[in-house]
Amino acid sequence: MNAQFFTAWVEETARTITADRDRLTALDAAIGDADHGTNLDRGFTAVREALSASSPAGPGAVLILTGTTLIRKVGGASGPLYGTAYRHMGTTLTARAAQAVAGRAGTGLDSTSGAVPGTGIEAPGPGTAGFTGTAGARDEAGPGGAPGDGDHMVMVTLADLAAAFEAGLAAVCELGGAAEGDKTMVDALAPATRALAEAARAGLKPEDAFDAALAAARAGARATIPLQARKGRASYLGERSAGHEDPGAASTVLLFTALRTVAGG
Ligand code: ADP
Ligand code: MG
Ligand code: MG
């Protein structure tokens, strides 16, 4: 998965949020202040504009710009929470790419990636464009063989993406103070992240891994229906928050729907 893949993922997320804006807002009308769909639609519209204005070079940079824009544009709780998640995902991807380059610098060779050292050329991997079939193909050395910032060539593996989601989830939990079962976005994000990590360990193909993550997110969101909210505005309703799906959990499902869509296959 390269920068193009991550841009496509965020753009598809924006598209599906716009399409589902009224449903998300209706969910928030039941247990909140009826703005979740419009909050996210405004935020992701700005994200779309930011991405097309600056076309960030690497996967990490795409997600960091997404997060920063959401924090800036969305006033509700969901803006800082999603924004922080994307920013932590992005910094995790950037750090892992740098580590991979540093690891290779010792040998001057990368026997697993099929990349040609020093040329910036990458052998095409099997399967869907934008995916790498191996764990090794990443940032290429710059001209003259020095590790470059050739972010446009950074390739993210499923294990990288799972680690990024783990970092994003941890950041959301820390910022919002919510745990699973509190009837928030965490109830969808946590099981989906676990499913993705499990799929990466099992060596699943990305589209199968994303299927598993999406199924887990959906199940998690559905499971918020009977719960009583313990965080966010819905918690003000006490027992009356039970019987409705959490809007943030519902929007988290859309992140994974979009991931599955852009993976194709
Ligand atoms: P606001 O509640 O400020 O109007 P939104 O309506 O955009 O913001 O987002 C509401 C969603 O944000 C909730 O459905 C919930 O999933 C999520 N949320 C709210 N507070 C928290 C929190 N402390 N931790 C995690 N998620 C939260
Ligand atoms: Mg709201
Ligand atoms: Mg609000």
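Conventions used here
- Residues numbered from 1 in each chain as written.
- Chains lettered and ligands numbered in written order.
- Predicted model: local features only at pLDDT ≥ 70, side-chain atom pairs only at ≥ 80, totals over all residues.
- Core = buried A, V, L, I, M, F, W, Y, C linked by C-beta atoms within 7 Å.
- Buried ≥ 20, exposed ≤ 12 C-beta atoms within 10 Å, placed from the backbone.
- Contact = placed C-beta atoms within 7 Å.
- pLDDT = per-residue confidence, 0-100.
- Helix = DSSP H or I, 4+ residues; strand = E, 2+ residues; numbered from the N terminus.
- Axes fitted to C-alpha atoms, helices over the stretch in contact; angles between N-to-C directions.
- Parallel < 35°, antiparallel > 145°, perpendicular 65-115°, else oblique.
- Left-handed = near helix turned anticlockwise from the far one by under 90°.
- Nonpolar A, V, L, I, M, F, W, Y, C, P; charged D, E, K, R; others polar.
- Expected span 1.5 Å × (residues − 1).
- Near = placed C-beta within 6 Å.

Counting residues in hydrophobic clusters, the biggest one holds 72 residues, and the most contacted among them are A192, L196, A213, A217 and F256. Contacts of F256, omitting those with residues within four sequence positions, involve A192, F210, A213, L214 and A217.

Here we come to the confidence of the model for the chain. When pLDDT is averaged along the chain, the result is 87; 82% of the residues meet or exceed 70. Overall, residues 110-150 carries pLDDT values under 50, and its contacts beyond four positions in sequence, including any with other chains, amount to 74 contacts. The ipTM for the predicted assembly is 0.99, set against a pTM of 0.86.

What follows covers the environment of A97. Structurally, the position occupied by A97 is in helix α5 (residues 78-105). Considered as a pair, A97 and G58 are 39 residues apart in the sequence and their alpha carbons are 9.6 Å apart.

To continue, consider the packing of helix α1 (residues 3-19) against helix α4 (residues 59-73). At a minimum axis separation of 7 Å, α1 and α4 run at an interaxial angle of 25 degrees. Regarding the angle of α1 to α4, the classification is roughly parallel. Read as a crossing pair, α1 and α4 show a hand that is right-handed. Only P59, V62, L63 and T66 of α4 make contact with α1, whose side of the interface consists of A3, F6, T7 and V10. Broken down by class, the residue content of the contact of α1 with α4 amounts to six nonpolar, two polar and no charged.

Here we take up helix α9 (residues 247-263). For α9, with 17 residues, the first-to-last C-alpha span of 25 Å sits near the 24 Å given by 1.5 Å per residue. Most of α9 is tucked away: 15 of the 17 residues are buried. In the stretch just after α9, G264 is the one whose phi turns positive, near 65 degrees.

Within the fold, F44 resides in helix α3 (residues 36-54). For F44, a count of 27 C-beta atoms within 10 Å translates into the label buried. For F44 and A100, which are 56 residues apart along the polypeptide, the C-alpha to C-alpha distance reads 31 Å. Once residues within four sequence positions are removed from consideration, F44 is found in contact with T13, A14 and I17.

Around ligand 1 there are 24 residues in total, and G76, G176, T184, G232 and G248 lie nearest to it. Every element with two or more residues in the shell around ligand 1 is listed here: α3, α5, α6 (158-176) and α9. Considering each element in turn, the shell around ligand 1 owes the most residues, three residues, to α9. Classifying every residue of the shell around ligand 1 gives eight nonpolar, 10 polar and six charged.

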